[in-house]
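# Understanding the architecture of this molecule
Chain by chain, the residues:
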Amino acid sequence: MNIEATIIVMVYKNLDQVRQTLDSIKKQTYSNYEVIVSDDGSPNYTQEDFDKITEQYKNEFTYFKLINNGINRGTVKHFNSLIKQAKGTIICPLSSGDQFYNENSLQEIMNAFDQEDKLIYTSKRMIKKENNIEYYPSLYQVSLLDQSNHFFEYIMKYGNFVSGASTYYKKEIFDKYGLFDEKY
C-alpha cells in the first residue's frame, strides 16, 4: 500500500505536549498516513521518556516512528531531514502541542490536493487564549496572498503570517525546487 500522507511532528523541549498532538492525529477519519515524531536534541528528556511514548502509540497507527536525534540541528535542518524520510506524497507538518481542528481535517487537506493541481496549501489557524479564540491570518492578510508585491512588502515590514503548522506540501515540490535553505 502506498502511503498518501506523512504527518511530521517536530519536538524541541516540549515532549510533554506531544500526546495531545498524537491524540488529535489518532482521531482523523482519513487513514492512509504515516506519523513521524522527531525530537531535535531536547536536553531535558531521557531515552526512557521516548520509549514510553513509543510504547503507548506504536499500535495506534499503521505507520509510526519516533526519532530521538540526540543533538540539536535547528528547525530547518531538522525539517529537511524528515522530509527526506517521508514516504507520503503529501507532507503535513505539526509541532508538538499542535492539533488538527477536527477529525476531518486530514481528509479535507487531502481533498484540497486532489481537487486542484497545487504544490502547497495553507490555511487559517486558531489559537485558544483563555476564553477567546483568535484566528490567523486576518482577512486583510489573506487578501494579500493574491497580491504578490503587497504580500512580500507586508511580510518584510511586519513578519510572516503564514503558519508552518497550517501549511502542507506535495513532496514533489522538494524534488522540483529543493529543500528549505539551511542557512536561515
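Since the structure is predicted, the reported quantities are computational estimates derived from the model, not experimental observations.

Next up on the list: the overall build of the protein. Each helix and strand counted, the protein has 7 helices and 8 strands in total. Here the contacts in the protein between residues at least 6 apart in sequence split such that 77% fall between residues at least 24 apart. Carbon and sulfur atoms make up 47% of the accessible area of the protein, which amounts to about 11,200 Å² in all.

So, about the packing of aromatic side chains. Note on aromatic pairs: each is described by the distance of the centres and the angle between the planes. Applying the stated rule across the entire model yields 9 aromatic pairs. Between phenylalanine 61 and phenylalanine 64, the aromatic rings sit 5.7 Å apart at their centres with planes inclined by 20°, giving stacked as the arrangement. For the pair phenylalanine 61 and phenylalanine 64, a shared accessibility class is recorded, and that class is buried.

A positive phi angle is found at lysine 13, which is not glycine, with a value near 60°. Mapped onto the elements of the fold, lysine 13 is located in the loop between β1 (5-11) and α1 (18-26).

Examined against the element boundaries, lysine 170 turns out to sit in strand β8 (residues 167-170). Classification of lysine 170 as buried rests on a relative accessible area of 14%. Within the structure, the side chain of lysine 170 is placed 3.4 Å from the side chain of aspartate 117, a separation counted as a polar contact. For lysine 170, the residues in contact, after removing those within four places along its chain, are Thr89, Ile90, Phe113, Asp117, Lys118 and Leu119.

This paragraph deals with the nonpolar core. Counting residues in each nonpolar core, the largest one holds 29 residues, and the members touching the most others are Ile7, Leu22, Ile25, Tyr33, Val37 and Leu106. Breaking this core down by element, the ones donating at least two residues are β1, α1, β2 (33-39), α2 (47-57), β3 (63-68), β4 (90-95) and α4 (105-115). Setting aside residues up to four positions removed in sequence, valine 37 forms contacts with Val9, Val11, Val18, Leu22, Phe64, Lys65, Leu66 and Ile67. Ile67, Phe79, Ile83 and Ala86 belong to the second largest nonpolar core, which has 12 residues in total.

As a further point, take the side chain of threonine 6. For threonine 6, the position within the fold is in strand β1. Of the polar contacts made by the side chain of threonine 6, one reaches the backbone nitrogen of lysine 87; its length is 3.4 Å. Residues within four places of threonine 6 in sequence aside, it is in contact with Glu34, Ile36, Ala86, Lys87, Gly88, Ile90, Ile91 and Cys92.

Note that glutamate 4 resides in the segment before β1. Glutamate 4 sits 87 residues away from isoleucine 91 along the chain, and the two C-alpha atoms are 8.8 Å apart. Excluding residues that lie within four positions of it along the chain, glutamate 4 makes contacts with Tyr30, Asn32, Gly88, Thr89, Ile90 and Met110.

To continue, consider the pairing of β2. Across the 7 residues that make up β2, a large majority, 7, are buried. On β2, burial covers both faces: Tyr33, Val35, Val37 and Asp39 on one face and Glu34, Ile36 and Ser38 on the other are all buried. In the sheet, β1 pairs with β2 via 7 bridges, with the strands oriented parallel. Residue pairing for β2: isoleucine 7 is matched across the bridge by valine 35. For the crossover that starts at β1, traverses α1 and ends in the parallel β2, the hand is right-handed. With 6 bridges connecting them, β2 and β3 associate as parallel partners. Bridge pairing in β3 places isoleucine 36 opposite lysine 65. What joins β2 to β3 is α2, and the crossover it makes is right-handed.

Analysis parameters
Residues numbered from 1 in each chain as written. Predicted model: local features only at pLDDT ≥ 70, side-chain atom pairs only at ≥ 80, totals over all residues. Heavy atoms only, no water. Helix = DSSP H or I, 4+ residues; strand = E, 2+ residues; numbered from the N terminus. Contact = heavy atoms within 4.5 Å. Areas by Shrake-Rupley, 256 points an atom, 1.4 Å probe, with all protein chains shown as cover. Phe/Tyr/Trp six-rings, centres within 6.5 Å; stacked < 30°, edge-to-face > 60°. Buried < 20%, exposed > 50% of the residue type's maximum accessible area, 1.4 Å probe, protein only. Polar contact = N/O pair within 3.5 Å; in protein donor to acceptor, adjacent residues only side chain to side chain. Core = buried A, V, L, I, M, F, W, Y, C linked by side-chain atoms within 4.5 Å. Pairing = 2+ DSSP bridges. Right-handed = clockwise from strand over helix to strand, strands pointing away.

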